[in-house]
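# Architecture and fold: a report
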2 protein chains.
Amino acid sequence: MFFSKTCEYAIKTMIYLKAEHREGKRLGLKDISSHINSPEPFTAKILQQLVRHDLIDSVRGPHGGFSIKDPNAQLSLLQIVTAIDGDGIIRKCVLGLDECSAEHPCAVHDEFVVVRDHLASILANTSVKTVADGVKNHRKVLTR
Amino acid sequence: MFFSKTCEYAIKTMIYLKAEHREGKRLGLKDISSHINSPEPFTAKILQQLVRHDLIDSVRGPHGGFSIKDPNAQLSLLQIVTAIDGDGIIRKCVLGLDECSAEHPCAVHDEFVVVRDHLASILANTSVKTVADGVKNHRKVLTR
DNA sequence: CTGATTAAGGATATCTTCATCCTTTTCTAT
DNA sequence: ATAGAAAAGGATGAAGATATCCTTAATCAG
């Protein structure tokens, strides 16, 4: 609803990679798509996108796979969402107007800026590490 | 982003009908689609949906057209959105999980319930009349 | 070096959303 | 009654998102 299917899988992938991360470990496509419950070939394409956006590293061949690019950097959900879906959810007018701002507001601009600002701040302030910890502790899940 | 194109046009239509409403007056398809800047045949289909959902009335033939069904009832944006897009934006898990609740939360459930509740309350508490007044006063717009 | 393994890349298929077109029905005015 | 106007309904088309398949490239183990 908020995000494209592609973005949903991307977020789950990043959380899973973070939750499973340890030095030198790589996770393969099969492993990832089975654990986040996503179609394998489609997930392959998304992993490529994440590589191109420098969010993850990939290595081919036996014992190849994917891993978080910079495990020590603080990564937010917003970085994943903007990489995959762009910043439309934060920036675009909900009524589809090209020009919509405080100066030239659409009919519902004032009502929605607050919601979008709220969404933006949640996305920016939610770290992948934090939610990955929830998954590691089995308090939160990525499937079902 | 939040809403489908269909829903965007539906919201604009309802606001325009409300802004232009007066006793016995009807607005035609051409009038509506030109004022909300939407494709005419597509808008025709959306108007049919709004009629079926009892949000507007229609009359065929010369001097026919569309008008708000119950001009005195308090109508919220939420009623339009749920009629057209359903309640997915309020109810569905942002990670696409079938079961996602406080008891069985997805990895980002806690972060997003607050945003969705916020969105739901804005939608429920924003009346079409209020935003239509803004359009009538030329403080807010439906196009450009 | 060879074969096996795994990701990358390109082409293609499917499904949904967005959009148009044409015919039919209903209504009004004459 | 009839002609014109306007919405309703059904069929179809276009575009984008979602998903798959197949070939190529890289890497590793032996």
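Scope of this entry: the structure provided in the associated data block. The model shown is predicted, which means the values in this text are computed figures rather than measured ones.

It is worth spelling out the interface of chain B and chain A at this point. Tallying the contact residues gives 36 residues for chain B and 36 residues for chain A. Elements supplying a minimum of two residues to the side of chain B that touches chain A: helix H1 (5–20), helix H5 (88–91), helix H6 (109–125) and helix H7 (128–136) of chain B. Sort the elements by how many residues they give to the side of chain B that touches chain A and H6(B) lands first, with six residues. A breakdown of the residues in the side of chain B that touches chain A according to their chemical character gives 20 nonpolar, eight polar and eight charged.

This next bit is on the protein's contact with DNA strand D. Lining the immediate environment of DNA strand D, one finds 24 residues, of which A:Lys5, A:Pro39, A:Gly61, B:Gly28 and B:Ser58 sit closest. For the surface near DNA strand D, the secondary-structure elements that each account for two or more residues are helix H1 (5–20) and helix H3 (40–52) of chain A together with helix H3 (40–52) and strand E2 (65–68) of chain B. The residue inventory of the surface near DNA strand D, partitioned by class, reads ten nonpolar, ten polar and four charged.

Another aspect to go through is H3(B). All names here are of chain B. The end-to-end C-alpha distance of H3 is 19 Å, a good match for the 18 Å that 13 residues give at a rise of 1.5 Å each. Of all the positions in H3, only Thr 43, Ile 46, Leu 47 and Leu 50 are classed as buried. Relative to the axis of H3, the buried residues are bounded by an arc of 105° and lie together on one face. Opposite the buried face of H3, at more than 90 degrees from it, the exposed residues are Pro 41, Lys 45, Gln 48 and Arg 52. Of the residues one or two after H3, Asp 54 is the one with positive phi, at around 60°.

Moving on, we come to the protein's contact with DNA strand C. In the vicinity of DNA strand C, 26 residues are found, and the nearest of them are A:Gly28, A:Ser58, B:Lys5, B:Pro39 and B:Gly61. Counting residues per element, the ones that place at least two in the surface near DNA strand C are H3 and strand E2 (65–68) of chain A together with H1 and H3 of chain B. Among the residues making up the surface near DNA strand C, the classes are represented as eleven nonpolar, ten polar and five charged.

Residue and element names in this part refer to chain B. Its identity as a non-glycine residue notwithstanding, Asn 37 has a phi of 60°, on the positive side. Among the secondary structure elements, Asn 37 is positioned in the loop between helix H2 (29–36) and H3. Classification of Asn 37 as partly exposed rests on a count of 15 C-beta atoms within 10 Å. Of note, the phi angle at His 138 is positive, near 65°, even though the residue is not glycine. Checked against the element boundaries, His 138 lands in the segment after H7. With 7 C-beta atoms packed within 10 Å, His 138 lands in the exposed category.

Residues and elements named next belong to chain B. For the pair H1 and H7, the least separation of the axes is 8 Å and the interaxial angle reads 70°. By the angle between their directions, the pair H1 and H7 is classed as roughly perpendicular. The hand of the H1/H7 crossing is right-handed. Mapping the contact onto sequence places Met 14, Ile 15, Lys 18 and Ala 19 in H1 and Val 128, Lys 129, Val 131, Ala 132, Val 135 and Lys 136 in H7. Among the residues forming the contact of H1 with H7, the class breakdown is seven nonpolar, no polar and three charged.

So, about the packing of H1(A) against helix H4 (residues 77–85) of chain A. Residues and elements named next belong to chain A. Close contact between H1 and H4 brings their axes to 9 Å; oriented N to C, the two are set at 145°. Between H1 and H4 lies a crossing whose hand is right-handed. Facing H1, whose interface residues are Thr 6, Cys 7, Ala 10, Ile 11 and Met 14, H4 presents Leu 77, Ile 80, Val 81, Ile 84 and Asp 85. Taken together, the residues that form the contact of H1 with H4 break down as eight nonpolar, one polar and one charged.

Here we take up the environment of A:Arg60. Residue and element names in this part refer to chain A. Within the secondary structure layout, Arg 60 lies in the loop between strand E1 (56–59) and E2. Residue classification places Arg 60 among the exposed residues on the basis of 6 C-beta atoms within 10 Å. Counting along the chain gives 38 residues from Arg 60 to Arg 22, while the straight-line C-alpha distance between them is 19 Å.

About the cut-offs
Residues numbered from 1 in each chain as written. Chains lettered and ligands numbered in written order. Predicted model: local features only at pLDDT ≥ 70, side-chain atom pairs only at ≥ 80, totals over all residues. Contact = placed C-beta atoms within 7 Å. Helix = DSSP H or I, 4+ residues; strand = E, 2+ residues; numbered from the N terminus. Nonpolar A, V, L, I, M, F, W, Y, C, P; charged D, E, K, R; others polar. Near = placed C-beta within 6 Å. Expected span 1.5 Å × (residues − 1). Buried ≥ 20, exposed ≤ 12 C-beta atoms within 10 Å, placed from the backbone. Arc of directions from axis to C-beta. Axes fitted to C-alpha atoms, helices over the stretch in contact; angles between N-to-C directions. Parallel < 35°, antiparallel > 145°, perpendicular 65-115°, else oblique. Left-handed = near helix turned anticlockwise from the far one by under 90°.

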